[in-house]
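The chain contents come next:
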Amino acid sequence: MARTLTLDLRDEAATAALAARIGDGLRPRDVVTLTGDLGAGKTALSRALIRHLSGDPEEEVPSPTFTLVQTYDLPGFPLWHFDLYRLSGPDEVEELGWDEIRADGVALVEWPDRLGPLLPPARLELRLAITGPESRRAELAGFGDWAERLDGITP
Ligand SMILES: Nc1ncnc2c1ncn2[C@@H]1O[C@H](COP(=O)(O)OP(=O)(O)OP(=O)(O)O)[C@@H](O)[C@H]1O
Ligand SMILES: [Mg+2]
């Protein structure tokens, strides 16, 4: 069973604060999926998470819209930031090196429905919904070991 948590994020700083808490709890082989409409803030949250873990608030974190994946050598693990919007399905995700990435890296995945059967049973799912110009609602669902680990990122 998944454990869930809903948070109201009043502005982008609140999104960044949540991103930092999630980042601090990450371990190699974790998968975090990011779901939500265009402009919901999947990339903004990823950017805040990567900058927090790299310790560089200016770190260049482009959206992987066109490159499909961007990689970061963070202290502790490599992180792979995916945007699978342009892919048609799991075959193309495997071609990007999904298995290799899962060996020791952390994966942040925008548009995870493209993963199909590659979606691992243990994962953190994050859904962002637009509730106002600057506000978002975040729904977190922890599957597998993430059910317990979700407590660690409660504000
Ligand atoms: N509370 C908030 N959290 C996240 N982003 C916010 C918030 N308030 C405003 N924004 C703005 O909303 C936009 C979110 O865009 P972003 O590219 O992160 O969306 P996305 O979900 O990755 O979309 P796409 O599906 O196109 O990849 C940014 O311009 C960001 O500054
Ligand atoms: Mg995006």
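Being a predicted model, the structure only gives us computed values, none of them experimental. (Residues numbered from 1 in each chain as written. Chains lettered and ligands numbered in written order. Predicted model: local features only at pLDDT ≥ 70, side-chain atom pairs only at ≥ 80, totals over all residues. Heavy atoms only, no water.)

Peer 1: Outline the packing of aromatic side chains, supporting the account with residue identities and numerical values.
Peer 2: Throughout the structure, instances matching the rule amount to two aromatic pairs. Lying over the aromatic face of Phe-143, Arg-123 brings its terminal NZ or CZ to 4.0 Å of the ring centre. Residue placement shows Arg-149 over the ring face of Trp-146; its charged tip is 3.9 Å from the ring centre. (Phe/Tyr/Trp six-rings, centres within 6.5 Å; stacked < 30°, edge-to-face > 60°. Lys NZ or Arg CZ within 6 Å of the ring centre and 35° of its normal.)

Peer 1: I'd love a proper account of the pairing of strand β3 (residues 69-74), names of residues and values included.
Peer 2: In regular strands, side chains alternate between the two faces of the sheet. Where β3 meets strand β4 (residues 77-83), six bridges bridge the pair, whose relative direction is antiparallel. Bridge assignment links Val-69 to a residue of β4, and that residue is Phe-82. Hairpin remark: β3 followed by β4, antiparallel, with two residues in the connecting loop; positive phi at Gly-76, about 105 degrees. (Pairing = 2+ DSSP bridges. Helix = DSSP H or I, 4+ residues; strand = E, 2+ residues; numbered from the N terminus.)

Peer 1: Give a detailed account of the site of ligand 1, specifying residues and quantitative values.
Peer 2: Taken together, 17 residues sit near ligand 1, with Glu-12, Thr-15, Lys-42, Ala-44 and Glu-134 positioned nearest. Residue Asp-11 places a main-chain N or O atom 3.2 Å away from a nitrogen atom belonging to ligand 1. Between an oxygen atom of ligand 1 and a side-chain N or O atom of Glu-12, the distance comes to 2.6 Å. Look at ligand 1: alone it shows 650 Å² of surface, and the protein chains cover 74% of it. For the shell around ligand 1, the secondary structure elements donating two or more residues are α1 (12-24) and α2 (42-54). For the shell around ligand 1, the element with the most residues is α2, which contributes three residues. Classifying every residue of the shell around ligand 1 gives five nonpolar, four polar and eight charged. (Near = heavy atom within 4 Å. Polar contact = N/O pair within 3.5 Å; in protein donor to acceptor, adjacent residues only side chain to side chain. Areas by Shrake-Rupley, 256 points an atom, 1.4 Å probe, with all protein chains shown as cover. Nonpolar A, V, L, I, M, F, W, Y, C, P; charged D, E, K, R; others polar.)

Peer 1: Quick one: what's the story with the coordination of the magnesium ion (ligand 2), residue by residue and with numbers?
Peer 2: Looking at the magnesium ion (ligand 2), the protein donor atoms are Thr-43 (OG1) and Glu-110 (OE), and they sit 2.1 to 2.2 Å from it. In this pair, Thr-43 sits in helix α2 while Glu-110 sits in strand β5 (residues 106-110), placing the two residues 67 residues apart along the sequence. (Donors = N, O, S within 2.8 Å, 3.2 Å for Na, K, Ca; no water.)

Peer 1: Help me get a handle on the sheet that holds strand β1 (residues 3-9), residues and values and all.
Peer 2: Strand order across the open sheet formed by seven strands is β1-β7-β6-β2-β5-β4-β3, with mixed pairing between neighbours. Since the sheet does not close on itself, it has two edges, and those belong to β1 and β3, each with one partner. For this sheet the average axis-to-axis angle between neighbouring strands, irrespective of direction, equals 15 degrees. Summarising the sheet, strand β2 (residues 31-35) and strand β6 (residues 123-130) pair through four bridges and their orientation is parallel. Considered in β6, the bridge of Leu-34 is made with Leu-126. (Axes fitted to C-alpha atoms, helices over the stretch in contact; angles between N-to-C directions.)

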